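Overview (structure and organization)
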Amino acid sequence: MADLALLPPEHFIPEPVGGRTRPSRYVDIDGFTTIVARRKLDERLLDATCAVDGRPSRFDRDDLDLLLLATAQRFRGETALVRVQALHALAQIDDDRAVRRLFDVATAVVEHDSARITALEALGERANELLDTLAADPSEAVAAWARWVLAGRPVDRREPGQVPKDPTRGTDRDHDGCCCDDERG
Amino acid sequence: MSNTSVSRFRAVAARPADEYAEFGSEPFPLRALVDVDRDELVRQFGVNPEVVEILRSGRATDVLREHPDLIPDARLVYARTSLEEERPVHISRVSAKGPIWSGTPFTLLVEFQNAADARVVVASVEVSWAGDPFVVEAEVQARGDDDLATIEFDEEQTLPVGPAEFVVTLAREDGATSVYRWGAYVLPANPLALSLGPAGARVTGSWSARGDYLPASDTFLTEVEFTISNGDARAVSMNRRVTWEFWDGAVGAGRRVESGSFDWSGISVSAFGVWRGTAWFSSPRGSGIFDTYARKEDMAISITMSASDGRVLNAQITARVMLAYGVNIIKVGTFSSSEHTDLYAAVDQMRQIYERRDITLRGVDRRLIDAATAGAYTITNSEDEFRDMLEDWSCRNDFVDVFVVQDFQWSGFNGYAGDIPGPASKGGRKDGVAVEKTGYTDASGAARLDVATLAQLIGHEVGHYLGLEHLETTNNLMRSNTGVRGPDLDYNQYRTMFPHGYVVFE
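The rules we used
- Residues numbered from 1 in each chain as written.
- Chains lettered and ligands numbered in written order.
- Predicted model: local features only at pLDDT ≥ 70, side-chain atom pairs only at ≥ 80, totals over all residues.
- Heavy atoms only, no water.
- Phe/Tyr/Trp six-rings, centres within 6.5 Å; stacked < 30°, edge-to-face > 60°.
- Helix = DSSP H or I, 4+ residues; strand = E, 2+ residues; numbered from the N terminus.
- Buried < 20%, exposed > 50% of the residue type's maximum accessible area, 1.4 Å probe, protein only.
- Lys NZ or Arg CZ within 6 Å of the ring centre and 35° of its normal.
- Contact = heavy atoms within 4.5 Å.
- Salt bridge = Lys/Arg side-chain N within 4 Å of Asp/Glu carboxyl O.
- Polar contact = N/O pair within 3.5 Å; in protein donor to acceptor, adjacent residues only side chain to side chain.
- Core = buried A, V, L, I, M, F, W, Y, C linked by side-chain atoms within 4.5 Å.
- Pairing = 2+ DSSP bridges.
- 1 Å grid on protein atoms, 1.4 Å probe; cavity = no way out; pocket = protein on both sides within 12 Å on 5 of 7 lines; lining within 4 Å.
- Points joined across faces, edges and corners; volume = space filled by probe spheres on them.
- Nonpolar A, V, L, I, M, F, W, Y, C, P; charged D, E, K, R; others polar.
- Axes fitted to C-alpha atoms, helices over the stretch in contact; angles between N-to-C directions.

Describing the packing of aromatic side chains
For any pair of aromatic rings, the description consists of the separation of the ring centres together with the inter-plane angle of the planes. All names here are of chain B. In total, this model carries 29 aromatic pairs over all chains according to the counting rule given. Ring geometry for Trp244 against Phe281: centres 5.3 Å apart, planes inclined by 70°, an arrangement best described as edge-to-face. Placement of Trp244 in strand β15 (residues 241-248) and of Phe281 in strand β18 (residues 274-284) is noted, with a sequence separation of 37 residues between them. Ring centres of Tyr325 and Tyr354 lie 5.4 Å apart, and the angle between their planes is 75°; on these two criteria the pair is classed as edge-to-face. Here Tyr325, found in strand β21 (residues 323-332), pairs with Tyr354, found in helix α6 (residues 337-355); they are 29 residues apart in sequence, far enough to count as distant. Like Tyr325, the residue Tyr354 is buried in the burial classification. Through successive ring pairs, a cluster of aromatic residues spans Phe106, Trp129, Phe134, Phe153, Phe166 and Trp182. We note Lys296 situated over the ring of Phe505; from NZ or CZ to the ring centre the distance is 5.1 Å. Directly above the aromatic system of Phe335 lies the positively charged group of Lys437, at a separation of 4.6 Å from the ring centroid.

Here it is, written out as structure tokens:
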């Protein structure tokens, strides 16, 4: 435990050339109500999503069109979190289009496992008709999820145990300066 | 006389100045599946031509279940083509109109495809650099399927030499959007510059190198990254002699602690290019640098190099001992090899976020609970289940346990911490944090994780564990909204984390 008596003072932070700030410049989008609504939707999807003090937003039929656009946005990692949150949100809306989108994502073997499992959980009991098929899904994660649900969602509590070491060796050793970098020392 | 020596140095791969972001978006055009040129896909990627027809058939899921060997090819085609009902807007590439020079206005070019009748009307760019982030927006006048938006950065929005990151968002009038992350190195207008950074230095705005105490050799190691940038249209060769000085106090005004030089041959900086290298200074007990670090005092490092044409380059950086904590990264369930790589890249990026506030990682322990053993814990469904997982599993060391689960299905949350602050002991229902991995499929069809988002997600929950509450200051790591977080931690937050039992200062 660090001794508070050793707390270093606030360090001087060098000023970038031209100062620390630059003025922002915005376009007036008040005339584009759907764009304004989409920005608000993305903000709501990501607001209070940390479970510490979190109260995620509620969504309804008024949000459906934009949520469908957000869940179709599958081409970039930068929007992966918004997409997953939008799939969660569709679960709150009782509408055929929402259910169809969730079924499409859940069953598509070309989709990422995270998106599929999110869609399956969002479907709730509506996903039961898929379970037998999904138990043999080409995706190991989806198949394991389906078998677990078919087994009644067991939670096998255990004696407290040590988490095993990860034997995986990837191509991730080249973190200059990282403490897992074997160049150190 | 110096007891410190440069124990090793090496050049490291430098990305081109006009594609500098290590985790930037991949440039690729998006085509409609219905009219994509199948032969071109086969030529370009070697995919089985059958998968295009299978995806077009409307029975792809059933057919691919029968032929799982075709799934990797199908994922690639699916990642590069849109379905008729999706009608996306898609940024295919972002670039600058020529090199970006320091202190000089510049223009970003945004190439995109729009598959709908609705118009793309606004381009918005969020800029991360050494100072506070800012936003530049522009109206888009485009109307075609394949189009180009331009965004002007004027005299007031010029940037200094160094890395800058641009997150570009296009907004269509029906609410559809497309996002693209692009990075550039702002080249010196003068036109040659040397910059120093901490080890790794991938996060913009990092300014301190750290002194690491290595018990095995009883030395302090200081790793410094060198970046030489060339804003000229011809390559530059550097002389081999590198001179270094460590100062207690300001360079030239304080006390010179140690100094020396070493020879680094073969340094050449390409036209409009960037060269990077890393050097390790090893300071044994008894050396001036060791003693200064041991007293927890800051030093200023000054490096001088020269070009073969006689131009002299100098740069400085602060060096200091940092606070440190360790993390056990616990993968819960199945991770592909590329997801594994992305996860540890995110951990490394999180380290750099904390190093901006003089806190580093003293260890990363890699752990795994495989899917069969993890069972229900691969998905976090409730607070009880989260705490059951903490109670059932832990790592018996003095690092923070970070569980990375497949998914949070608990009220739309994506992360949680056992307590604020979390206990500095193991056992019980509060000793760890959890985040969801948030995956996507990249343009090659591979399962990936969003490194930038995951770095902030893990850093945020660890911040709670070390004692931080939510703080809604612009660009702060502890903002409650995942979409607006940045890498900032203020001094009060540093002071809050300082006494945590898992934080050491040695």
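With respect to the interface of chain A and chain B
Counting residues at the interface gives 104 residues for chain A, matched by 146 residues for chain B. Scanning the region where chain A abuts chain B turns up twelve salt bridges. B:Arg181 is paired through a salt bridge with A:Glu78; the nearest N and O atoms lie 3.8 Å apart. Between the two partners, chain A and chain B, sit 55 residue pairs in polar contact (both at pLDDT 80 or more). Those elements that place two or more of their residues in the side of chain A that touches chain B are α1 (33-46), α2 (64-71), α3 (80-90), α5 (113-123), α6 (131-134), α7 (140-150) and β1 (161-162) of chain A.

What about the side chain of B:Thr292?
With respect to the element layout, B:Thr292 can be found in helix α5 (residues 288-294). Beyond its immediate sequence surroundings of up to four residues, B:Thr292 is in contact with B:Asp248, B:Arg255, B:Val257, B:Glu297, B:Asp298 and B:Met299.

Observations regarding the nonpolar core
With 98 residues, the main nonpolar core has B:Phe226, B:Ile228, B:Ile303, B:Tyr325 and B:Val327 as its most contacted residues. Those residues in contact with B:Phe226 that lie beyond four places of it in its chain are B:Leu194, B:Ser195, B:Leu196, B:Val242, B:Trp264, B:Trp275, B:Arg276, B:Gly277, B:Ala279, B:Ile303 and B:Met305. A:Leu90, A:Leu102, A:Leu123 and A:Trp145 belong to the second-largest nonpolar core, a separate cluster that totals 41 residues.

Focus on the pattern of salt bridges
For the coordinates displayed, the defined rule picks out 52 salt bridges over all chains. Linking B:Arg255 and B:Asp248 is a salt bridge whose minimum nitrogen-to-oxygen distance equals 3.6 Å. Classification of B:Arg255 as partly exposed rests on a relative accessible area of 44%. The shortest N-O distance in the salt bridge between B:Arg429 and B:Asp388 comes to 2.9 Å. In this pair, B:Arg429 sits in the loop between β27 (415-417) and β28 (433-436) while B:Asp388 sits in helix α8 (residues 383-392), placing the two residues 41 residues apart along the sequence. What makes B:Arg429 partly exposed here is its relative accessible area of 27%. Counted as one network, the salt bridges with shared partners bring together A:Arg157, B:Asp388, B:Glu391, B:Asp392 and B:Arg429.

Quick notes on the pairing of β15(B)
Residues and elements named next belong to chain B. Summarising the sheet, β15 and strand β16 (residues 255-263) pair through eight bridges and their orientation is antiparallel. Looking at β16, one finds that Phe246 is bridged to Glu258. Hairpin geometry of β15 and β16 is characterised by an intervening segment of six residues between the two adjacent antiparallel strands and by a positive phi of about 100° at Gly249. Pairing of β15 with strand β19 (residues 299-306) involves five bridges; the strand directions are antiparallel. Across the sheet, residue Glu245 finds its bridge partner in β19, namely Ser302.

A closer look at the environment of B:Glu245
All names here are of chain B. With respect to the element layout, Glu245 can be found in strand β15. Counting along the chain gives 81 residues from Glu245 to Gly326, while the straight-line C-alpha distance between them is 31 Å. Ignoring any residue separated from it by four or fewer positions in sequence, one finds Glu245 in contact with Arg256, Glu258, Ser259, Ala300, Ile301 and Ser302. At 3.1 Å, the side chain of Glu245 forms a polar contact with the side chain of Trp247.

Quick look at the layout of surface pockets
The calculated volume of the second largest pocket comes to roughly 1200 Å³. Lining the second largest pocket we find 45 residues, and of these B:Ser82, B:Leu83, B:Glu84, B:Glu85 and B:Glu86 sit closest to its centre. Residue assignment for the lining of the second largest pocket shows that the elements contributing at least two residues are α2 and α4 (96-107) of chain A together with β2 (31-32), α2 (50-56), α3 (60-66) and β5 (106-114) of chain B. Counting residues per element, the lining of the second largest pocket draws most heavily on α4(A), at six residues. Among the residues making up the lining of the second largest pocket, the classes are represented as 18 nonpolar, eight polar and 19 charged.

Considering the sheet that holds β5(B)
All names here are of chain B. Taken in spatial order, the three strands line up as β4-β5-β8 in an open sheet, and their pairing is antiparallel. A strand with exactly one partner marks an edge of an open sheet, and here the two such strands are β4 (89-96) and β8 (146-153). In this sheet, neighbouring strand axes are inclined to one another by 25° on average, regardless of whether the strands run parallel or antiparallel. Summarising the sheet, β5 and β8 pair through eight bridges and their orientation is antiparallel. Bridge pairing links Gln113 to Asp146 in β8.

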